Amino acid sequence: MTRPFNFSAGPAALPEEVLQQAASEMLDWHGSGMGVMEMSHRGKEFTAIAHQAEADLRAILAVPATHKILFMQGGAIAENAIVPMNLSRGGRADYVITGSWSQKSAKEAHKYCEVHLAASNAADHHTTLPDYGSWQISDNAAYVHVCSNETIHGVEMHELPDLAALGTQAPLVIDCSSHIVSRPIDWSRVGVAYAGAQKNIGPAGLTLVIVREDLIGHALAITPSAFDYQIVADNGSMYNTPPTYPWYLAGLVFQWIQRQREGELTGLAAIEARNVAKAKLFYDYVDASGFYVNKVAGNCRSRMNIPFFLPSDDLNDAFLSGAKDAGLLQLKGHKSVGGMRASIYNAMPLAGVQALVDYMKTFAARHG
Ligand SMILES: *Cc1c(COP(=O)(O)O)cnc(C)c1O
């Protein structure tokens, strides 16, 4: 059976090889007589799965020894509260608004600390990236929060801000939910990176938090124990029962990433090269089409999430139903933006983007 290409923004498509491996191991993992869902999280089988996944992620993203990897729950939205509880020390935190997700983060942080907006692209309807040099960072900011890929508006930071060069010692916190493991991360610039798993890593239910060690251990007294980075770290992410099956599937995805090849490139470098090629194919076509439009500024167009518009909203239903018939699923844009959105995460092959472009050409020829 060939499956349709799935452009969902999240939960999103997983590599087919991974799903097949999980299916084949469902009833009996490696001769243990148990499925992964049925194992004690403290047993030797799951401990091996968990440690391997962590080691593979550390290798793929070149996470330095200065940063701990935590496997948590609650998604990126819970981290919107967990970050200020752990990092703000009750003071002030700076937020940069580049779209819906960073906006939501800033709003939630208000409950736990004083929030200062250091920059915003709201006047441009979230289609630009405010110049790093123009950010108004507080002298006493406990941290500076950004969303490094805005899943809904399609704005991506292709280079993370260097806060030290901007004259502040505050650590950078990134919500990288929708582009983690799509490209390398410059850890010298990052204090905390967090990501829900369901975009590029695995099933919903798992949240990855990668945090510099000196930022651990300063949680507000009100912080729930299960959300205190110190307690989570001290217990190897097993203070409470972790989402064992998503953790296992994430591990299979990490192994899949390590197996990827693109010419001379391997692993994350191969994945990144493929993502660059996929995004270029799509944007080049949209820009040349004279029919479809993407409104995001050229220097911050996301490689992962691409909102686009037809010449008239009256064509949207016909576009979506024709796409479905052509085996191209979940292209409807987010309700706050409208139009269409193609999410082309790691699991989307170049052939899927090509199939979408081919369909879009046919549709434009018929309706242009
Ligand atoms: C999907 C997403 C979220 C929300 O994640 P939840 O798992 O629903 O908490 C937050 N931030 C970004 C950037 C996202 O893409």
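The model shown is predicted, which means the values in this text are computed figures rather than measured ones. (Residues numbered from 1 in each chain as written. Predicted model: local features only at pLDDT ≥ 70, side-chain atom pairs only at ≥ 80, totals over all residues. Heavy atoms only, no water.)

**Q** Tell me about the packing of aromatic side chains, residues and numbers included.
**A** The geometry of an aromatic ring pair comes down to the distance between the two centres and the angle between the two planes. The final tally for this structure, using the stated rule, is 15 aromatic pairs. Residues Tyr 132 and Trp 135 carry aromatic rings whose centres are separated by 5.0 Å and whose planes lie at 70 degrees to one another, so their mutual orientation is edge-to-face. Accessibility assignment for this pair places Tyr 132 and Trp 135 in one class, buried. Between Phe 319 and Phe 363, the aromatic rings sit 5.2 Å apart at their centres with planes inclined by 85 degrees, giving edge-to-face as the arrangement. Taken together, the positions of Phe 319 in helix α8 (residues 316–325) and Phe 363 in helix α9 (residues 350–367) put the pair 44 residues apart, joining distant regions of the chain. Note on Phe 363: relative accessible area 3%, which makes it buried. Taken together through their ring pairs, the aromatic side chains of Phe 282, Tyr 285, Phe 291, Tyr 292, Phe 308, Phe 319, Tyr 359 and Phe 363 make up a single cluster. Just above the ring of Phe 309 sits the side chain of Lys 295; from NZ or CZ to the centre is 4.2 Å. (Phe/Tyr/Trp six-rings, centres within 6.5 Å; stacked < 30°, edge-to-face > 60°. Buried < 20%, exposed > 50% of the residue type's maximum accessible area, 1.4 Å probe, protein only. Helix = DSSP H or I, 4+ residues; strand = E, 2+ residues; numbered from the N terminus. Lys NZ or Arg CZ within 6 Å of the ring centre and 35° of its normal.)

**Q** Kindly report on empty space enclosed by the protein, identifying the contributing residues and their values.
**A** By the definition in use, this model includes 3 cavities of 30 Å³ or more. Space inside the largest cavity adds up to approximately 80 Å³. Lining the largest cavity, in full, are Phe 71, Met 72, Gln 73, Ala 226, Phe 227, Val 232, Ser 237, Tyr 239, Asn 240, Pro 242 and Pro 243. Residue lining of the second largest cavity: Ala 13, Leu 14, Pro 15, Lys 199, Asn 200, Val 253, Trp 256, Ile 257, Asn 346 and Ala 347, and that is the complete set. (1 Å grid on protein atoms, 1.4 Å probe; cavity = no way out; pocket = protein on both sides within 12 Å on 5 of 7 lines; lining within 4 Å. Points joined across faces, edges and corners; volume = space filled by probe spheres on them.)

**Q** Residue-level account of the site of the ligand, with values.
**A** With respect to spatial proximity, 13 residues lie near the ligand, and among them Ile 77, Thr 151, Asp 175, Gln 198 and Lys 199 are the closest. In this structure, an oxygen atom belonging to the ligand sits 2.8 Å away from a side-chain N or O atom of Gln 198. Summarising the interface, the protein chains cover 86% of the accessible area of the ligand, which totals 390 Å² for the free molecule. The site holding the ligand turns out to be the second largest pocket. Residue contributions to the shell around the ligand peak at 3 residues, all from helix α3 (residues 75–87). Of the residues contributing to the shell around the ligand, the split by class is 4 nonpolar, 7 polar and 2 charged. (Near = heavy atom within 4 Å. Polar contact = N/O pair within 3.5 Å; in protein donor to acceptor, adjacent residues only side chain to side chain. Areas by Shrake-Rupley, 256 points an atom, 1.4 Å probe, with all protein chains shown as cover. Sits in = over half its atoms within 2 Å of the grid points. Nonpolar A, V, L, I, M, F, W, Y, C, P; charged D, E, K, R; others polar.)

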